[in-house]
Amino acid sequence: MTWSIIARDNATGQFGIAVATRFFAVGARVPYIAAGLGAIATQAFVNPYYGIDGVKLLREGLNAHDVLAALLASDDGRESRQVHIMDVGGAIAAHTGRDCVGWCGHIAGNGFSIAGNMLAGADVLAETAKTYIANDSLPFPRRLLAAMRGGEAAGGDKRGKQSAALLIHGEEEWPALDIRADDHADPLGELERLERVSHELWVHFRASMPTRQNPAGNTDRSVIEASIKAAQAR
């Protein structure tokens, strides 16, 4: 009931997942990222443990193919599932069960994986890929959203629109960006708006948050305020 793209940004090393569907709150169900290690999208007849257990396996050092094999082996409902995985080495593994609703399938390219089910047709994935490739000059979040817009223009979820999400992680366990439109007439448009809003305050505050390398972060508000003023002056 969904299509999604998993990608890794060459410039920053960030992993990102963008997803859209005609279903409620897709961001709470599909995207999972193990910071610095890989990403998983579980969809169709969603099994949340594909994300929960898959992230754990990535952290234990398994590659995408071994993670997928382990997840499928433990699930008798695998033929109703769709899942795709990318690991830190760039390997991609995907499964579309034979009982997933058509059109369904998955494709992969250099640094990205796309999968979908209950779509208008194969062009949804093809156009998502084409648009992602064509927009390599965009900032990573906007590139992912542009890709999803390309897929939507090709028909998207054949039932229509309801929710969408964008999740991006860098090296930290907390997300660099986590935005969702849970029930909206134009969910991808709402994500585009929220991504723009994130540049007003969030991206400046984010740079001062605690990290594993700097557990205290930066608590000097003047640094954050100076960053905001500099951005506003551009």
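Attention in this report is confined to the structure presented alongside it. (Residues numbered from 1 in each chain as written. Predicted model: local features only at pLDDT ≥ 70, side-chain atom pairs only at ≥ 80, totals over all residues. Heavy atoms only, no water.)

### Examining helix H1 (residues 48-59)
Here comes step 1: Spanning twelve residues, H1 covers 17 Å between terminal C-alpha atoms, matching the ideal 16 Å at 1.5 Å per step.
Here comes step 2: For H1, the set of buried residues is Tyr50, Gly51, Gly54, Val55, Leu57 and Leu58. All buried residues of H1 project into a common sector of 160° when viewed along the axis, lining one side. Among the exposed residues of H1, those oriented more than 90 degrees off its buried face are Tyr49, Lys56 and Arg59.
Here comes step 3: The elements touched by buried residues of H1 are strand S3 (31-34), strand S4 (38-44), helix H2 (64-73) and strand S5 (81-87).
Here comes step 4: For H1, the side-chain oxygen to backbone nitrogen distance between the N-cap and Tyr49 is 2.9 Å, and the N-cap itself is Asn47.
Here comes step 5: Following H1 by one or two positions, Gly61 adopts a phi angle in the positive range, close to 100°. (Helix = DSSP H or I, 4+ residues; strand = E, 2+ residues; numbered from the N terminus. Expected span 1.5 Å × (residues − 1). Buried < 20%, exposed > 50% of the residue type's maximum accessible area, 1.4 Å probe, protein only. Arc of directions from axis to C-beta. Contact = heavy atoms within 4.5 Å. Polar contact = N/O pair within 3.5 Å; in protein donor to acceptor, adjacent residues only side chain to side chain.)

### Section: the sheet that holds strand S2 (residues 15-21)
Here comes step 1: Pairing within the open sheet is antiparallel, and its six strands lie in the order S7-S8-S1-S2-S9-S10. Single-partner strands in this sheet number two, and they are strand S7 (105-109) and strand S10 (177-181). Pairwise comparison of adjacent strand axes, ignoring direction, gives a mean angle of 5° for this sheet.
Here comes step 2: Sheet topology note: the strand S9 (residues 163-169)/S10 ladder contains five bridges and is antiparallel. (Pairing = 2+ DSSP bridges. Axes fitted to C-alpha atoms, helices over the stretch in contact; angles between N-to-C directions.)

### So, the pairing of S4
Here comes step 1: Burial runs high along S4: seven of the seven residues are buried.
Here comes step 2: Where S3 meets S4, four bridges bridge the pair, whose relative direction is antiparallel. Its bridge partner lying in S4, Pro31 is registered against Ala41.
Here comes step 3: Where S3 folds back onto S4 in an antiparallel hairpin, the turn is made up of three residues, including Gly36, whose phi is positive at roughly 75°.
Here comes step 4: Pairing of S4 with S5, which is carried by seven bridges, proceeds in the antiparallel orientation. Within S5, the residue paired with Gly38 across the bridge is Asp87.

### Considering helix H5 (residues 187-198)
Here comes step 1: Look at H5: 16 Å from first C-alpha to last across twelve residues, which is about the 16 Å you get at 1.5 Å a residue.
Here comes step 2: For H5, every residue scored as buried is listed here: Pro187, Leu188, Gly189, Glu190, Leu191, Glu195 and Ser198.
Here comes step 3: Those residues of H5 hidden inside the fold are in contact with S2, helix H4 (140-153), S9, S10 and helix H6 (202-206).

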